[in-house]
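Residues per chain, in single letters:
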Amino acid sequence: MKYEIISDIKLDVLKEDNSLNFICPKNSEGVIHILLEHESNFKLIVEENAHWTVNVEYLNGTINSKNEIDIKPYASLKHNILVYESVIGINVVQNIDVSNSGEYTSALLDVSEDNVNFNNQINLNGEYASSYFRSAVVSNKTSVKLYEIATYNNAFYTTSKMDNYGVCKEKSKLEFKGVGTIKKGFKQSNNHQNSKIIVFDELSNASVYPLLYIDEYDVLASHSAAVGKVNDDHMYYLCSRGLNEEQAREFITMGYLLPVLNYFNDQKLKEKAQETLERRVVNA
């Protein structure tokens, strides 16, 4: 694992076997770049009223990663995740704890060509804690990609939202499972999820599982899910404007997945992610 820290303050970094522990002190701000390969884990603690960005790039090889994030009161974290096409299988488990009035925002772009098992659990443990998770995933060849994003509203006035978008091609499999839980007694909490997958080929296998477990009445909760092929009218329109069928597919894919980059707040990583997505879509 390699990392770079950009900040005016000194950041404590502790090493434990295959793990790095980052502690962002109170009232601080900055950016952490983490490059992960093979067996790599990290733990990140964002102390009270600290505001940080962490960019995590999964580079190459087979990667197993177990990560923990702890966001203290009135702190915020923007978590940008980029999975490159050179990754040969990835298994990620992440646990995120958010204290009162803390904010967690994550944007993920996955353009890898192999299997992915991504499990993300977000625990909103304090009043007015909030989270937003957005993903864009390309699945093709014979890859199997399984994404489970779970959010738990464990306090009053908490808000969680997720948006998952995927493109499924050839003989691949793509699955989004969204799990939202509001426990009894935690009134005036919100839990919303949205997952959509476009299927390009007859042998593609795409599934969406929207799950809500609501034990309280005074809340707002919703889910939407859609799996379907490319709109024939859209294809006809693009082809009638001079594009061939493959170019039209590429155009639609870019338009579908590109908006995730609006949530990459680090400009350099955003540019790198766009170049990676464009390269991946053209070569898919």
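Residues numbered from 1 in each chain as written. Predicted model: local features only at pLDDT ≥ 70, side-chain atom pairs only at ≥ 80, totals over all residues. Heavy atoms only, no water.

### Comments concerning the overall build of the chain
Convention followed: Strands here mean DSSP runs of E at least two residues long; helices mean DSSP runs of H or I at least four residues long; both are numbered from the N terminus. Each residue gets one of three labels from its accessible area relative to the maximum for its type: buried under 20%, exposed over 50%, partly exposed in between, using a 1.4 Å probe on protein chains only. Contacts are residue-level and defined by heavy atoms, with any inter-residue pair within 4.5 Å sufficient. What sets the accessible areas is the Shrake-Rupley method with a 1.4 Å probe; for residues, cover comes only from the shown protein chains. By the counting scheme adopted, Arg and Lys are positive, Glu and Asp are negative, and His together with the chain ends is not counted. Charge positions are represented by NZ for Lys, CZ for Arg, CG for Asp and CD for Glu.
What the chain contains, in helices and strands, is three helices and 18 strands. When its C-alpha atoms are laid out on the principal axes, the chain stretches across 55 × 45 × 30 Å. Considering the chain as a whole, with its 284 residues, one finds that 51% of them fall into the buried category. Residue pairs in contact within the chain that sit at least 24 positions apart in sequence constitute 74% of those at least 6 positions apart. Carbon and sulfur atoms make up 47% of the accessible area of the chain, which totals about 13,100 Å². Between the mean site of the 28 positive side-chain charges and the mean site of the 38 negative ones, the chain shows a separation of 2 Å.

### Quick look at the pattern of salt bridges
In plain terms, the rule: By definition here, a salt bridge exists when the distance from a side-chain nitrogen of Lys or Arg to a carboxyl oxygen of Asp or Glu is within 4 Å.
One pass over the structure, following the stated rule, counts five salt bridges. The salt bridge involving Asp110 is made with Lys145; its shortest N-O contact spans 3.2 Å. With Asp110 in strand S10 (residues 103-110) and Lys145 in strand S13 (residues 144-153), this pair connects stretches of sequence that are 35 residues apart. Pair check on accessibility: Asp110 and Lys145 agree, each one buried. The residue Lys141 makes a salt bridge to Glu113 at a minimum N-O spacing of 3.1 Å. In this pair, Lys141 is assigned in the loop between strand S12 (130-139) and S13 and Glu113 in the loop between S10 and strand S11 (116-124), connecting sequence segments 28 residues apart. The exposure class of Lys141 is partly exposed, given its relative accessible area of 42%.

### Some thoughts on the pairing of strand S5 (residues 41-46)
Consecutive side chains of a regular strand alternate in pointing toward one face of the sheet and then the other. Test applied: Should DSSP find at least two bridges between two strands, the strands are taken to pair.
Within S5, five of the six residues are buried, leaving the element largely enclosed by the surrounding structure. Two elements, strand S3 (residues 19-24) and S5, share six bridges in a ladder whose sense is parallel. Across the sheet, residue Phe22 finds its bridge partner in S5, namely Leu44. The sheet contact formed by S5 and strand S7 (residues 61-71) spans five bridges and is parallel. In the strand pairing of S7, Lys43 is matched with Glu68.

### Remarks on unusual backbone geometry
Of note in this structure, Ser101 is not a glycine but carries a positive phi near 60 degrees. Along the chain, Ser101 falls in the loop between strand S9 (87-98) and S10. The backbone of Glu170 sits at a positive phi, close to 55 degrees, despite the residue not being glycine. Its place among the elements puts Glu170 in the loop between strand S14 (159-168) and strand S15 (173-182).

### Topic: the sheet that holds S11
Formally: With axes taken as lines fitted to C-alpha atoms, and helix axes fitted only over the stretch in contact, angles between N-to-C directions fall between 0 and 180 degrees.
With mixed pairing, the nine strands of this open sheet are ordered in space as S2-S3-S5-S7-S9-S11-S13-S15-S17. Pairing within the sheet leaves two strands with one partner each, and these edge strands are strand S2 (12-16) and strand S17 (205-214). Shown here is a sheet whose adjacent strand axes are inclined to one another by a mean of 10 degrees, direction ignored.

### As for the environment of Glu170
For clarity, the threshold we go by: Here a polar contact is recorded for every N or O atom pair within 3.5 Å, except that within protein the pair must consist of a potential hydrogen donor and a potential acceptor, and residues adjacent in sequence are included only if both atoms are side-chain atoms.
Taking relative accessible area as the criterion, Glu170 reaches 34% and is therefore assigned partly exposed. For the pair Glu170 and Asp201, spaced 31 residues apart in sequence, the C-alpha to C-alpha distance is 5.4 Å. Reaching out from Glu170, the side chain makes a polar contact with the backbone nitrogen of Lys141 at a distance of 2.7 Å.

### Notes on helix H2 (residues 245-257)
As a reminder of what qualifies: Here the expected length of a helix is defined as 1.5 Å per residue gap, with one fewer gap than residues.
When the terminal C-alpha atoms of H2 are compared, their 19 Å separation across 13 residues agrees well with the 18 Å that a helix rising 1.5 Å per residue should span. Here H2 has its buried residues at Ala248, Arg249, Glu250, Ile252, Thr253, Met254, Tyr256 and Leu257.

Function cannot be inferred from these measures alone, as they are strictly geometric.
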